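Given next are the chains, with one letter for each unit.
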Amino acid sequence: MKKYYPETNLKRIRTIYGCTQAELAEMSGVSLRSIQMYEQRNKDINKASVDTIYRLAKALGCTVEDLIEK
């Protein structure tokens, strides 16, 4: 059974990490717009480039797998 979180893994982890979308954009080099789109599920993070997910994971101190939506 698929667990559905009202928020994406990206948003959940970013909130726990304690930074804003803008701060994450600054730290990761991923555009603020992209981060917003992933968090609102307007863009599928599972289809993001490996480089993008890697940079987000590195900035948040988590693994790429943590950010993928199962």
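Residues numbered from 1 in each chain as written. Predicted model: local features only at pLDDT ≥ 70, side-chain atom pairs only at ≥ 80, totals over all residues. Heavy atoms only, no water.

**Student:** Before we move on, could you go through the pattern of salt bridges and cite the residues and values that matter?
**Tutor:** Pairing is possible between side chains that carry opposite charge, provided their charged atoms lie close to one another. This model, assessed by the stated rule, comprises four salt bridges. Ionic pairing is found between Glu39 and Arg14, a salt bridge with its closest N-O pair at 2.6 Å. Residue Glu39 is located in helix H3 (residues 32–39), and its partner Arg14 is located in helix H1 (residues 9–17); the two are separated by 25 residues in the primary sequence. We classify Glu39 as buried; its relative accessible area is 9%. Residue Arg14 is classed as buried on the basis of its relative accessible area of 10%. With its nearest N and O atoms 3.3 Å apart, the salt bridge here joins Arg55 to Asp51. (Salt bridge = Lys/Arg side-chain N within 4 Å of Asp/Glu carboxyl O. Helix = DSSP H or I, 4+ residues; strand = E, 2+ residues; numbered from the N terminus. Buried < 20%, exposed > 50% of the residue type's maximum accessible area, 1.4 Å probe, protein only.)

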